[in-house]
There are 2 protein chains.
Amino acid sequence: MAKRNVRLTRDAIVECAMTLADAEGLEAVTIRRLAQENGVTPMAMYWHFNDKDALLDGLADHLISSVKLPAPGSGPWDVQLREILEAFVVAVRPHPALAGLILRRILIADAGLELAERVLALLGEAGFTAEKTAEVGTFLMCSIITLAAADPATGPHVEGRDADELHRRKRAHLETLSPARYPNVVAAAPALLNCRGQDDYFALNLDLLVQGVRGIRRS
Amino acid sequence: MAKRNVRLTRDAIVECAMTLADAEGLEAVTIRRLAQENGVTPMAMYWHFNDKDALLDGLADHLISSVKLPAPGSGPWDVQLREILEAFVVAVRPHPALAGLILRRILIADAGLELAERVLALLGEAGFTAEKTAEVGTFLMCSIITLAAADPATGPHVEGRDADELHRRKRAHLETLSPARYPNVVAAAPALLNCRGQDDYFALNLDLLVQGVRGIRRS
DNA sequence: ATGCCCCTTGTACGTCGTACAGTTGTCGGA
DNA sequence: TCCGACAACTGTACGACGTACAAGGGGCAT
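Here the structure is a predicted model, which is why all the values come from computation and not from measurement.

Undergrad: Looking at this structure, I do not really get the protein's contact with DNA strand D. What am I missing?
TA: As a structural note, the neighbourhood of DNA strand D is formed by 16 residues, with Arg32 and Tyr46 of chain A together with Thr41, Trp47 and His48 of chain B the closest of them. Among the atoms of DNA strand D close to the protein, meaning within 4 Å, 60% are from sugar or phosphate groups. At 2.6 Å from a phosphate oxygen of DNA strand D is found a side-chain nitrogen or oxygen belonging to Trp47 of chain B. His48 of chain B is positioned with one of its side-chain polar atoms (N or O) 2.7 Å from a phosphate oxygen of DNA strand D. Of all the secondary-structure elements, those providing two or more residues to the surface near DNA strand D are α2 (31-37) of chain A together with α3 (45-48) of chain B. Split by residue class, the surface near DNA strand D holds eight nonpolar, three polar and five charged.

Written out as structure tokens, the structure is:
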């Protein structure tokens, strides 16, 4: 993996960290591992990033700025809101291991502020007060991240486990449940284990969020 | 902190870990720290738990089983659903640092299965197919956990930072924003920094979720 | 060639989870 | 009264982690 022909770059490190996180999870993203991956000493990282948190912030910022916001059209607010939220999930979905890093950077990264600005504007247009706008907007951002985060079987933002093994254990456990005691869980068991990652799941719950915003508009 | 008069117990350890997490965050919950807190050698923990993950699972299970489900009344499904979701948030809210641990244990812990069963049953009653029931139910559980997790300024499930310092930095950053470029963000800035932890926030977004479910019922 | 500055290396420390083996306290049957 | 057996705990050690600190090299303008 040593590619020590050129100098190291912030962006190169971030890129490397992203593919690493996608392939092996966030817990594989280690200063030492990143250094080794680039044929370099661990301490070399610290020239490009103050500390590991700064590196993770870099990852988050990179992910946030990959959101392709639709042009600020003139359609009804709920349609526009849905488009923006969808653009957000679409960008984050390919990197579920990193989803948890995003939240704390949304109001810091430029792209995140742009995103927040658009969402808050639409909520204002929908008739929410400034305070409710903040509350709903915050929750929407959190929900989208949740939506895009990893499979519940592996657990979002909980790393350090063998995903396959956990998934198998969960399946085995669900199969031992008494259908008399948990009829609905047993009936939904295959879907519960499977539903994440399906386009259906995202579309349906994006609708849920937008319809929810519409539903609480007057109150 | 050494209270070595009685033998150690799984429950005692879990209890200790919970107060520790509430006071100093999940990153303070360490095998060594827990041992020291109980006046015992680190390795003593491994008699009661196979490894640290088992300990965290114990924490999650304890938290899940603290949910006080309302009696299965006979009101309309959406009212009952809201009551259940509210009971969930109420139980988890006091322990935001642990919220992230819950998800992967919901379909394993008995109390979690009970919770899932009730939610899925109500969704079935609302007219969802088995598959959509699973999708919506999964998302609802995730959202409630998200809702109950820590302040976005400190970042849910992201530990290892000084919360106060981060909050101050965020506030400072928001105050430097150009109101021309981000009018809505600037207008909502105080609320954005503050809204979490307010009862208002939880009530409003619980409504959002329930109304959302109602909104997507027929489709 | 020389000096400077950007980038990298080398070494070391403290913390973490935990494998492995040994030690104690307690208690029921002889 | 003794005695093993088993439950609960101790002691030591290892490898991985983040990172402080100081020293080194290598390309560029002079």
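Read on for the rest.
Undergrad: Teacher, can you tell me more about the protein's contact with DNA strand C here?
TA: Close contacts around DNA strand C come from 16 residues, with Thr41, Trp47 and His48 of chain A together with Arg32 and Tyr46 of chain B the closest. A share of 58% is what sugar and phosphate atoms reach among the atoms of DNA strand C within 4 Å of the protein. One of the side-chain N or O atoms of Tyr46 of chain B is found 2.9 Å from a phosphate oxygen in DNA strand C. Note that a phosphate oxygen of DNA strand C is positioned 2.9 Å from one of the backbone N or O atoms of Lys52 of chain B. Where the surface near DNA strand C is concerned, the elements lending two or more residues are α3 (45-48) of chain A together with α2 (31-37) of chain B.

Undergrad: For this particular structure, what's the right way to read the interface of chain A and chain B?
TA: Interface size is commonly expressed as the accessible surface area that is lost when the partners come together. Chain A puts 62 residues into the contact, and the matching count from chain B is 62 residues. Both sides together, the interface formed by chain A and chain B hides about 6000 Å², and carbon and sulfur atoms give 67% of it. Put simply, Glu114 of chain B and Arg181 of chain A hold a salt bridge, and the shortest N to O gap is 4.0 Å. No other element matches helix α8 (residues 130-148) of chain A, which puts twelve residues into the side of chain A that touches chain B. Grouping the amino acids of the side of chain A that touches chain B by side-chain chemistry returns 31 nonpolar, 14 polar and 17 charged.

Undergrad: What's the story with the nonpolar core in this structure? I'm lost.
TA: Generally speaking, a soluble globular protein has its nonpolar side chains buried in company with each other. Phe88 of chain A together with Phe88 of chain B are the most contacted members of the largest nonpolar core, which totals 159 residues. Once residues within four sequence positions are removed from consideration, Phe88 of chain A is found in contact with Val67, Ile102, Ile106, Leu115, Met141, Ile144 and Ile145 of chain A.

Undergrad: Teacher, can you tell me more about helix α11 (residues 199-215) of chain B here?
TA: One turn of an α-helix holds 3.6 residues; hence residues three or four places apart share an orientation. The terminal C-alpha atoms of α11 of chain B lie 24 Å apart, and with 17 residues this matches the ideal 24 Å at 1.5 Å per residue to within 8%. Here α11 of chain B has its buried residues at Tyr201, Phe202, Leu204, Asn205, Leu206, Leu208, Leu209, Val210, Gly212 and Val213 of chain B. On its buried side, α11 of chain B packs onto α8 and α11 (199-215) of chain A together with α5 (77-92), α7 (110-125) and α8 (130-148) of chain B.

Undergrad: It is not clear to me how the packing of aromatic side chains should be interpreted in this structure. Could you clarify?
TA: Each aromatic ring pair is described using two quantities: the centre-to-centre distance and the angle formed by the ring planes. Residues and elements named next belong to chain A. Going through the model one piece at a time under the given rule, you end up with two aromatic pairs over all chains. A centroid spacing of 5.5 Å and a plane angle of 80° characterise the contact between Tyr201 and Phe202, whose relative ring orientation is edge-to-face. Like Phe202, Tyr201 is buried.

Undergrad: Can you help me understand the relation of the copies chain A and chain B in this one?
TA: There are two copies of the chain, and a rotation about an axis plus a shift along that axis relates them. Laying chain A over chain B is done by rotating through 180° and shifting 0.0 Å along the axis; what remains is an RMSD of 0.1 Å. Taken together, these values place the two copies in the relation of a two-fold axis. Among all residues of chain A, the one whose C-alpha sits closest to the rotation axis is Gly212 of chain A, at a distance of 1.8 Å. Of the residues that chain A buries at the interface, 100% are likewise interface residues in chain B, meaning the two copies contact each other through the same surface.

Analysis parameters
- Residues numbered from 1 in each chain as written.
- Chains lettered and ligands numbered in written order.
- Predicted model: local features only at pLDDT ≥ 70, side-chain atom pairs only at ≥ 80, totals over all residues.
- Heavy atoms only, no water.
- Near = heavy atom within 4 Å.
- Polar contact = N/O pair within 3.5 Å; in protein donor to acceptor, adjacent residues only side chain to side chain.
- Helix = DSSP H or I, 4+ residues; strand = E, 2+ residues; numbered from the N terminus.
- Nonpolar A, V, L, I, M, F, W, Y, C, P; charged D, E, K, R; others polar.
- Contact = heavy atoms within 4.5 Å.
- Buried area = accessible area lost by both parts, 1.4 Å probe.
- Salt bridge = Lys/Arg side-chain N within 4 Å of Asp/Glu carboxyl O.
- Core = buried A, V, L, I, M, F, W, Y, C linked by side-chain atoms within 4.5 Å.
- Buried < 20%, exposed > 50% of the residue type's maximum accessible area, 1.4 Å probe, protein only.
- Expected span 1.5 Å × (residues − 1).
- Phe/Tyr/Trp six-rings, centres within 6.5 Å; stacked < 30°, edge-to-face > 60°.
- Least-squares fit on C-alpha atoms with pLDDT ≥ 70 in both.

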